[in-house]
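# Breakdown of the fold
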Amino acid sequence: GGRGDVPGEIADYTVVVKLEGVPKEQIAMALVGRGAAKGKQGDALGAIADYTAVVELEGAPKEQIATALFNRALQFRKSDQAGKAISDLLRVVESGVTSEELLTDAAEVAFSSLWSRNDREGAEGVLSTFSVAVASLTKELVRETTIRFLSGLASSEMKMAWPIAWRKLAESENRGAMEALEFLRPVCAILEGGDAVVLEALPPEQREFVQSVLSRFEKEAKDEG
C-alpha cells in the first residue's frame, strides 16, 4: 500500500487537487492519498502518475516528495521496473527524511533488492548513500536509524550481506554511528562462524537485543529448511 494512505475516495482527493488556491502541502497530500487509493485498486499507472505529480510539484514539502518517491518505487517494483524503483529509493535516502521511517525503509528495500540480484556494487552504493544521509542527523537519530536499518536487514537471505552492511556503517567516519553500533559487533562475529561466547561480555539489555537479531537469521533459515 505504501506510505501516507489516508482513507477516502479517489473523487474526494480529486476535488482537493483541482481546487484553486489550495496550499501546495494539501495538494501534495491529496495526490499521495489518491495515488495510494489507485494502487490499492491495481491501477499502477494511475498511482505512478499521481506520485510523479507530487515529485514534480514546485514547492511541495520534502516529506511529501519522499513519501511519493517511496510509494512510486513500490509501484515500479510491482510493474517489474526494478531500475526505476532503486533510483527512487536512493532519492528517498538522499533526502534524509526520517519521518515514517522513510530513510531506513528505503535503504533497506534498495539494499536487499540489489543484493538478491547479486549486484554487490549497487548494494554497497546504497550503504554509502545511507552513510552520507545519516551523517547530517542528530546523534540520537543516527543511533535510531542505523540500528533500525540493521535490525530490519536481519533475515536468512541477508546472512552474508549483514556483516558487510554493519562494517560499512560501524567503521565509517561517523562517530555517532560507530558508538551506536559497536554493541552489534558480536552479530558479525557469530554470523561469520565465531563462538556465541562473545555475547557474555554484553550487558543484559544489549545481549537480549543482539540475540533477538540473531534469532531472525536462524528462524527463517529453519522455516525454509
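That block above? That's the structure.
I will try to describe carefully the structure that is included in this document. These numbers come from a predicted model, not from an experiment. All residue numbers here refer to positions counted from 1 along the written sequence of the relevant chain. Selection of residues for local features in this predicted model requires a pLDDT of at least 70, selection of side-chain atom pairs for listing and counting requires 80 or more, and totals for whole chains, interfaces and linings are taken over all residues. Where side-chain values are given, they derive from all heavy atoms of the structure, hydrogens and water being excluded.

## Observations concerning the packing of helix α4 (residues 62-78) against helix α6 (residues 102-116)
To keep things clear, this is the line we draw: Axis angles are defined between N-to-C directions and span 0 to 180 degrees, where every axis is a line fitted to C-alpha atoms and, for a helix, only to the segment in contact. Secondary structure is summarised from DSSP: a helix means a run of H or I of at least four residues, a strand means a run of E of at least two, and numbering begins at the N terminus for each. Any angle that is under 35 degrees is reported as roughly parallel, and any over 145 degrees as roughly antiparallel; angles of 65 to 115 degrees are reported as roughly perpendicular and all others as oblique. Each crossing gets its handedness from the near helix: less than a right angle anticlockwise from the far helix is left-handed, clockwise is right-handed. The criterion used for residue contact is that any of the two residues' heavy atoms lie within 4.5 Å. Just so you know the grouping, Ala, Val, Leu, Ile, Met, Phe, Trp, Tyr, Cys and Pro go in nonpolar, Asp, Glu, Lys and Arg go in charged, and all remaining residues, Gly too, go in polar.
Interaxial distance between α4 and α6 falls to 11 Å at its minimum, and their mutual angle equals 25 degrees. The pairing of α4 with α6 is recorded here as roughly parallel in orientation. Remark: the crossing between α4 and α6 carries left-handed chirality. Residues E63, A66, T67, F70 and R77 of α4 form the contact with α6, whose own contacting residues are L102, D105, A106, V109 and S113. Here the contact of α4 with α6 is composed, by residue class, of five nonpolar, two polar and three charged.

## Digging into the pattern of salt bridges
Operational definition: By definition, a salt bridge exists where a carboxyl oxygen of Asp or Glu is found within 4 Å of a side-chain nitrogen of Lys or Arg. Only protein chains enter the accessibility calculation, which uses a 1.4 Å probe; a residue is then buried when its area is under 20% of its type maximum, exposed when over 50%, and partly exposed in between.
Applying the stated rule across the entire model yields 10 salt bridges. Of the charged contacts, one joins D105 and R148 as a salt bridge, the two residues approaching to 2.8 Å between their closest N and O atoms. Placement of the pair is D105 in helix α6 and R148 in helix α8 (residues 139-153), with a sequence separation of 43 residues. Judged by its relative accessible area of 11%, D105 falls in the buried class. A salt bridge links R175 to E179; its shortest N-O distance comes to 3.9 Å. Of this pair, R175 and E179 both sit in helix α10 (residues 175-181), four residues apart, roughly one helical turn. Classification of R175 by relative accessible area gives exposed; the value is 54%. One continuous salt-bridge network, built from bridges that share partners, spans R34, K38 and D50.

## Examining the environment of P186
Tracing the chain through its elements places P186 in helix α11 (residues 185-191). The class of P186 is buried, set by a relative accessible area of 10%. In this structure the C-alpha to C-alpha distance between P186 and L57, which are 129 residues apart in sequence, comes to 46 Å. Apart from the residues lying within four places of it in its own chain, the contact partners of P186 are V198, L199 and L202.

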